[in-house]
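Next come the chains, spelled out residue by residue.
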Amino acid sequence: MEPRNAPRPKRMRGVLHLRRCRMKTLSSEDYHASPLYRIRHSAAHIMAAAVLEMFPEGKVAIGPPIEHGFYYDFDLPRQLTQEDLEKIEGRMRELIASRLDFQYQEITPEEGQALFADQPYKLELIHDILERGADEYGEKTEHPQLSIYKSGAFTDLCRGPHVQNSREIHPKAVKLLNIAGAYWRGDSDRPMLQRIYGTAWEKPEELREYLDWMEEVKKRDHRRLIKDLDLVSFHEEAGPGLAYWHPRGAIMRKTIEDFWRERHLEGDYDFVYTPHIGKAWLWETSGHLDFYRDSMYAPMEIDEQEYFIKPMNCPFHILIYKTQLRSYRELPLRWAELGTVYRFEKSGVLHGLLRVRGFTQDDAHIICTPEQIESEALRVLRFSLSLLRAFGFEQIEAYLSTRPEKAVGEPARWEQAQESLLRAINAENLVYQVDEGGGAFYGPKIDLKIKDALGREWQLTTIQFDFNEPERFDMTYVGEDGQEHRPYMVHRALLGSLERFFGILVEHYAGAFPVWLAPEQARVIPIADRHVEYARQVEAQLRKAHLRVKTDDSSARMNAKIREAQLMKVPYMLVVGDQEVEAGAVAVRLRSGNNLGALPVADFITLAQKAIEEHALE
RNA sequence: GCCGACGUAGCUCAAUCGGCGGAGCAUCCGCCUUGUAAGCGGAGGGUCGUGGGUUCGAUUCCCACCGUCGGCUCCA
C-alpha cells in the first residue's frame with residue numbers, strides 16, 4: 001500500500017534550533033524508584049508544612065510527585081495569592097536548609113485516627129486504605145498498612161518513599177509554579193480545593209533547563225503562533241471554539257487534505273460525503289443521544305422533527321452501506337471522509353485549536369468480514385504510521401485498550417479483534433502499552449501517540465473496533481454460504497482532527513514548517529524599486545512551477561523585508577538586485593540565516609521542488 | 001460545568017488611589033532607492049469586553065453576563 005519511495009522527512013536540524021531535550025525521561029517504574037521522585041515527594045511535604053505554618057487551621061489533602069514536579073492540595077480559609085506563593089517558597093528554602101529528617105513510622109488505625117483527628121481528608125484516606133485497600137492515589141494494595149512520615153513539625157499520612165534528610169534537596173532546585181483549583185479526589189461533585197504546583201530537581205542547572213524548556217513551550221504555543229503567522233483566528237462574538245482559517249492557514253490545510261486524499265487513494269480507500277445534520281433517529285439508533293445529548297449542539301426543529309448537527313460521521317456511512325444488499329465479495333469496504341462535526345464542549349475545556357467545538361475528523365470506516373480483520377488491522381496501522389511519518393513524526397508509540405467489564409459484543413469477537421491489533425503492533429515493532437479493560441464498551445482500540453520536537457506526547461491516531469453500531473443498525477452482508485452475517489466495523493481517524501493536528505504541527509515546527517507545508521514557500525525581495533519588475537518575472541516563473549510565492553514590493557529597505565520574511569518563517573528568501581537581474585538569478589537566503597548565494601532561477605526551482613517532493617525540513 | 005486570575009488602539013503593554021485615555025510596533029501619507037533581521041518624518045486610529053448599579057461624574061468602585069488564561073472534571 002505504501003509506495004516504496006515514500007517521502008521520508010530528513011532528520012530535524014537547522015532551522016528548528018532544537019536544543020536536545022535533556023530533561024530526564026524515565027519510565028514510570030524507574031521514576032518511582034528514582035532519587036528525583038523522593039526529592040519531589042519530600043518537597044511536597046515541605047511545602048505543606050510551610051502552608052500549614054501560614055494557615056494553622058488549613059486542611060491538607062494529597063500531595064504526590066508528578067511528571068515534572070509535584071503538587072499538594074489544600075482546603076484553606078482564604079484564596080492563595082501570588083505573594084503567598086513567594087512567601088511559601090521562601091519558607092520552604094528555610095525548612096530545607098534546616099536539615100529535616102524524614103522519619104517513617106507504621107501506625108495502627110487508632111493512632112491514625114487520633115493523629116489526623118482534625119484532618120478530614122486524611123481521615124477519609126485512612127478509611128479508604130483500611131476499607132478498600134486503596135491507597136491515597138487509588139492504587140490497590142494487598143495488605144493495607146498505615147504509615148506516616150514526620151519531618152520537623154509536619155506529619156503526613158504517606159507511604160513514601162522520601163529522602164532521608166532534607167539536605168538531599170537542593171534549595172535552589174525547587175520552585176513553586178502556580179495555584180489552581182482541583183476537586184477533592186478528582187470528583188466534580190466534591191469540594192474544590194486549592195492546588196499548588198511546584199517543580200524540583202536534583203541540581204539547580206536542571207531546574208534552569210526545565211524553566212528554559214517551559215519558556216520554549218510557551219514560545220511555541222500555537223495560540224500565539226497562529227495569530228502571529230496569520231493562520232487561524234477565533235471570534236468570541238461569533239462563537240467560541242470555532243476556527244476561522246485565514247488564507248495562509250487555509251492553503252496549509254488544503255495541502256494537508258490533498259496529501260491525505262492522495263495517500264488514501266493509494267491505500268485503496270473510497271471517499272464519501274455526508275450531510276452535516278440529521279434527524280434524532282440517527283443518534284437514537286446509534287445510542288449516542290442517551291449518552292452524549294449534553295455535549296451535542298441543541299436540536300433544531302424542522303417539520304416537527306428534531307434535527308441535530310452531527311457529532312460524528314459513522315451513522316451516515318452506515319446508511320450508505322445499507323442502500324444495497326452487500327456481498328462478502330465486495331468487502332472490505334474502506335470509506336473515508338474529511339467529516340466536519342460539532343460537539344458542544346464545556347466552556348472551560350476549550351483550548352485554541354487543540355480543543356474546539358467544530359472540527360474535521362479525517363475519518364474512515366472499514367467494514368469487513370471476520371476473515372479480513374487480521375489483514376485490515378495491520379493494513380490500517382501501517383497506513384497510519386506512514387502518514388504520521390510523512391509529517392515528520394518519527395517517535396510513535398501504541399496503546400492497546402482491551403475489553404472493559406461492561407461491554408457489548410461477543411467475547412470471541414473481542415478476542416479476535418484484540419489479537420489482530422496486537423499482532424499488527426508486533427509486526428510493526430512498535431513500542432506499546434496495554435490498557436487492560438481500558439477499551440470503550442463497544443470495542444477494543446489502538447491509539448497511536450507521537451512525540452513532538454519538545455518531547456511531549458500527543459495522541460493522534462485512533463483505530464477502534466465497533467461491535468455496537470453494526471448491531472444497532474442491523475448491518476449485514478451475504479456470505480459465501482448464502483446466509484446473512486454481521487460485518488466487523490472499524491472506525492479510524494489517523495490525524496485525529498485537522499484542527500488539532502494543525503495545532504500540534506504548529507507547535508512541533510514552532511511555525512517554521514517544512515517547505516511542502518509552508519503557506520508561503522518563497523518570497524522575492526527586490527532591493528530597490530528598479531528591481532521590482534524582475535522580481536515579478538521571477539515570481540511568475542515560480543508560480544508556474546507551482547511554488548507558493550509572493551513579492552515584497554513595499555518601499556521598505558531590504559533589511560526590513562528580510563526581517564519581515566524571517567518573522568513569517570518563509571523558508572526561502574530570494575533577494576534580487578542589480579547582480580541577479582544581470583545574471584537571471586536569485587540570491588537564496590534560508591530562514592536558518594544560511595546564505596546559498598546566487599542561483600539561476602531554474603536551479604532554485606529544482607532545489608525547491610526537491611525539498612517539497614522529499615518533505616525536507618530545509 | 002467548577003475554582004482562581006485577567007479583559008485598555010490591529011498587536012504587545014502603560015496610566016488614572018473616581019475628574020475630557022498613552023507608548024512602541026502595525027496601518028496610511030511623504031522623503032529615502034537601499035545587498036542579507038527594523039532608514040527618517042508626519043497623520044489617522046480606542047463604545048477602556050458587554051449590560052446594569054453606586055456617584056454631580058465610572059475605564060477606575062459594586063453586581064451580572066460574555067470571553068481568554070492556569071488548573072480540575074469531561075472528551076463518542
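Summary of the structure given here. This one's a predicted model, so the numbers in the text were calculated from it and none came from an experiment. (Residues numbered from 1 in each chain as written. Chains lettered and ligands numbered in written order. Predicted model: local features only at pLDDT ≥ 70, side-chain atom pairs only at ≥ 80, totals over all residues. Heavy atoms only, no water.)

1. Quick word on the nonpolar core
Step number 1: The biggest cluster of nonpolar side chains holds 70 residues, and the ones touching the most others in it are F391 and F502.
Step number 2: The leading source of residues in this core is helix α12 (residues 373-390), at 9 residues.
Step number 3: Counting the residues that make up this core, at least three belong to each of domain 2 (226-509) and domain 3 (522-614).
Step number 4: Excluding its chain neighbours within four sequence positions, the residues that come into contact with F391 are I256, F259, L495, F501, L505, Y509, W516 and L517.
Step number 5: A49, Y72, F74 and M92 belong to the second-largest nonpolar core, a separate cluster that totals 33 residues. (Core = buried A, V, L, I, M, F, W, Y, C linked by side-chain atoms within 4.5 Å. Buried < 20%, exposed > 50% of the residue type's maximum accessible area, 1.4 Å probe, protein only. Helix = DSSP H or I, 4+ residues; strand = E, 2+ residues; numbered from the N terminus. Domains from an automatic or database assignment. Contact = heavy atoms within 4.5 Å.)

2. Topic: the protein's contact with RNA strand B
Step number 1: Taken together, 52 residues lie near RNA strand B, and N178, Y183, S347, R563 and E580 sit nearest.
Step number 2: One of the side-chain N or O atoms of R223 is found 2.9 Å from a phosphate oxygen in RNA strand B.
Step number 3: Q566 is positioned such that a nitrogen or oxygen atom in its side chain is 3.1 Å from a base nitrogen of RNA strand B.
Step number 4: Sorting the residues of the surface near RNA strand B by element identifies β7 (174-183), β8 (192-200), α7 (222-228), α10 (288-292), α17 (558-567), α18 (578-583) and β27 (585-590) as the ones contributing at least two each. (Near = heavy atom within 4 Å. Polar contact = N/O pair within 3.5 Å; in protein donor to acceptor, adjacent residues only side chain to side chain.)

3. Section: the pairing of β27
Step number 1: Summarising burial for β27: 5 of the 6 residues are buried, a large majority.
Step number 2: Alignment of strand β26 (residues 572-576) against β27, held across 4 bridges, turns out to be antiparallel. Looking at β27, one finds that L574 is bridged to V588.
Step number 3: Inspection of the sheet shows β27 paired to strand β28 (residues 595-600) by 5 bridges, in the antiparallel sense. For A585, the partnering residue across the bridge sits in β28 and is P600.
Step number 4: What sits between β27 and β28 in their antiparallel hairpin is a turn of 4 residues, with G593 showing a positive phi close to 100 degrees. (Pairing = 2+ DSSP bridges.)

4. Topic: the sheet that holds strand β18 (residues 431-435)
Step number 1: Across the sheet, 8 strands lie side by side as β11-β15-β16-β23-β20-β19-β17-β18; this open sheet has mixed pairing. Each having just a single partner strand, β11 (270-271) and β18 make up the two edges of the open sheet.
Step number 2: Pairing geometry for strand β16 (residues 358-368) and strand β23 (residues 488-497), over 7 bridges, is antiparallel. Within the sheet, the bridge partner assigned to C368 lies in β23 and is Y488.
Step number 3: Contacts from helix α8 (residues 247-266) reach β11, β15 (333-342), β16 and β23, with the element oriented near 160 degrees to β15.
Step number 4: Against the sheet, helix α11 (residues 314-321) contacts β15, β16 and β23, and its axis sits at roughly 145 degrees relative to β15. (Axes fitted to C-alpha atoms, helices over the stretch in contact; angles between N-to-C directions.)

5. Brief notes about the packing of aromatic side chains
Step number 1: This model, assessed by the stated rule, comprises 28 aromatic pairs.
Step number 2: Ring centres 5.3 Å apart and planes at 90 degrees place the aromatic pair Y31 and Y37 in the edge-to-face group. Here Y31 and Y37 have matching classes, each one buried.
Step number 3: Through a chain of ring-to-ring contacts, the aromatic side chains of F259, F391, F393, F501 and W516 assemble into a single cluster.
Step number 4: Taking NZ or CZ as reference, K449 lies 4.2 Å from the ring centre of Y399, over its face. (Phe/Tyr/Trp six-rings, centres within 6.5 Å; stacked < 30°, edge-to-face > 60°. Lys NZ or Arg CZ within 6 Å of the ring centre and 35° of its normal.)

6. Looking at the pattern of salt bridges
Step number 1: Tallied over the entire structure, the rule returns 38 salt bridges.
Step number 2: The closest approach of N and O atoms between R536 and E539, which form a salt bridge, is 4.0 Å. Here R536 pairs with E539, and both are found in helix α16 (residues 532-544), just 3 residues apart, close to one helical turn.
Step number 3: Classification of E539 by relative accessible area gives buried; the value is 12%.
Step number 4: Taking the shortest distance from any N to any O, the salt bridge between D553 and R536 comes out at 2.5 Å. Of this pair, D553 sits in the loop between β25 (549-551) and α17 while R536 sits in helix α16; the two residues are 17 residues apart in sequence, bridging distant segments of the chain.
Step number 5: For D553, a relative accessible area of 41% translates into the label partly exposed.
Step number 6: Owing to a relative accessible area of 40%, R536 belongs among the partly exposed residues under this scheme.
Step number 7: The network of salt bridges with shared partners includes E124, D128, R185 and R190. (Salt bridge = Lys/Arg side-chain N within 4 Å of Asp/Glu carboxyl O.)

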